[in-house]
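Summary of the model geometry
These are the residues of each chain, in order.
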Amino acid sequence: VNPLLKPEQVGHILRDSNVRVLVTTAGRAADLRSVLAGCPDLRAVVLTEGDADAASLEPSLRVLTWAELNAAPAGTPHRNIDADMAAILYTSGSTGRPKGVVLSHRNMVTGAESVSEYLGNTPEDRLLAVLPFSFDYGFSQMSTAFRVGATVVLMDYL
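Attention here is on the structure that accompanies the text. (Residues numbered from 1 in each chain as written. Predicted model: local features only at pLDDT ≥ 70, side-chain atom pairs only at ≥ 80, totals over all residues. Heavy atoms only, no water.)

**Overview of the side chain of Arg 28**
Condition: Secondary structure elements are defined from DSSP: runs of H or I of at least 4 residues count as helices, runs of E of at least 2 residues count as strands, and each element is numbered from the N terminus. Partly exposed describes any residue whose relative accessible area lies between the buried limit of under 20% and the exposed limit of over 50%, with all areas from a 1.4 Å probe on protein chains only and scaled to the type maximum. The charge count includes Lys and Arg as positive and Asp and Glu as negative, but it does not include His or the ends of the chains. Here a salt bridge means any side-chain nitrogen of Lys or Arg lying within 4 Å of a carboxyl oxygen belonging to Asp or Glu.
Position of Arg 28 among the secondary structure elements: in helix α2 (residues 26–36). No salt bridge is formed by the buried Arg 28; its nearest oppositely charged neighbour, Asp 31, is found at 4.5 Å.

**Digging into the environment of Gly 149**
With respect to the secondary-structure elements, Gly 149 resides in the loop between α5 (136–148) and β7 (151–154). Classification of Gly 149 as partly exposed rests on a relative accessible area of 47%. Taking C-alpha positions, Gly 149 is 7.1 Å from Thr 122, a pair spaced 27 residues apart along the chain.

**A closer look at the sheet that holds strand β3 (residues 62–65)**
Within a sheet, neighbouring strands are paired by backbone hydrogen bonds and run either parallel or antiparallel to one another. Note the following rule: The pairing criterion for strands is at least two bridges between them, as found by DSSP. Every axis corresponds to a line fitted to the C-alpha atoms, with the helix fit spanning only the stretch in contact, and the corresponding angles, defined between N-to-C directions, vary from 0 to 180 degrees. Whether two residues are in contact is decided by their heavy atoms: any pair within 4.5 Å suffices.
Across the sheet, which stays open at both edges, the three strands sit in the order β1-β2-β3 with parallel pairing between neighbours. In this open sheet, the two strands that pair with only one neighbour each are β1 (21–24) and β3. Averaged over all pairs of adjacent strands, the angle between strand axes in this sheet comes to 20°, irrespective of strand direction. Sheet topology note: the strand β2 (residues 44–47)/β3 ladder contains four bridges and is parallel. Across the sheet, the residue bridging to Leu 47 is Thr 65, located in β3. Of the strands in this sheet, β1 and β2 touch α2, which is tilted by about 140° from β1.

**Focus: the packing of helix α4 (residues 105–119) against α5**
For clarity, the cut-off: Each angle gets one of four labels, with under 35 degrees taken as roughly parallel, over 145 as roughly antiparallel, 65 to 115 as roughly perpendicular, and the rest as oblique. Following the grouping adopted for this structure description, the nonpolar residues are Ala, Val, Leu, Ile, Met, Phe, Trp, Tyr, Cys and Pro, the charged ones are Asp, Glu, Lys and Arg, and the polar ones are all others, Gly among them.
Orientation of α4 relative to α5, taken along the N-to-C sense of each, is 80°, at an axis distance of 8 Å. Taken together, the axes of α4 and α5 lie roughly perpendicular to each other. Residues Met 108, Ala 112, Glu 113, Val 115, Ser 116 and Glu 117 of α4 lie in contact with α5, whose contacting residues are Phe 139, Ser 140, Ser 143, Thr 144, Arg 147 and Val 148. Taken together, the residues of the contact of α4 with α5 break down into five nonpolar, four polar and three charged.

**Quick look at α2**
How we decide: In this description, the arc belongs to the directions extending from the helix axis to the C-beta atoms.
Taken together, the buried positions of α2 are Arg 28, Ala 29, Leu 32, Val 35 and Leu 36. Projection of α2 onto a plane perpendicular to its axis shows the buried side chains occupying an angular sector of 90°, all on one side. Buried residues belonging to α2 abut α1 (7–16), β1 and β2.

**Observations regarding the environment of Ala 26**
By the secondary structure assignment, Ala 26 is in helix α2. Separated by 30 residues in sequence, Ala 26 and Ser 56 place their C-alpha atoms 9.8 Å apart.

**Notes on α1**
Of the residues making up α1, those classed as buried are Val 10, Gly 11, His 12, Ile 13 and Leu 14. At its buried positions, α1 is contacted by β1, α2 and β4 (85–90). Asn 18, located one to two residues past α1, shows a positive phi value of around 55°.

**Thoughts on the nonpolar core**
We count it as follows: As used in this record, nonpolar core signifies buried Ala, Val, Leu, Ile, Met, Phe, Trp, Tyr and Cys residues forming a set joined through side-chain atoms within 4.5 Å.
Ranked by size, the top nonpolar core spans 17 residues in total, and within it Leu 14, Leu 36, Leu 42 and Val 45 carry the most contacts. Here Leu 14 is in contact with Val 19, Leu 22, Leu 36 and Cys 39, once residues within four sequence places are set aside.

Following this line, the structure appears as structure tokens:
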């Protein structure tokens, strides 16, 4: 989710996509506190940094840190096939509420293959990623580079 979105916009996306786990920073979680209660499917918040106790979010939400998540024992892997949903990318909402576009694993791989082929990308390439990964073209820059083993250089405009 684009980090520049207002809490109400993020709340819409979380409700619309029926998100169950939100991965974010402690500061962003605090900014979103007012909308998280209105996300009925949300069960847990994973903080990429900061202390889980300091988040003071909804009591019904499980809050844990990225380190705690990684220290937990591995569960049984879920079987995936190429037609399974891999991501939901949301429009900017410039003409109304943001709308989600569901991508399967196959959609993402095929898109990366197509773009890398017509651009002629190679492992020696360095791609400058200037758009956030929440936008389709920003995400495409990353997946296209991964497809051929190229380097992605991130521009931290935030």
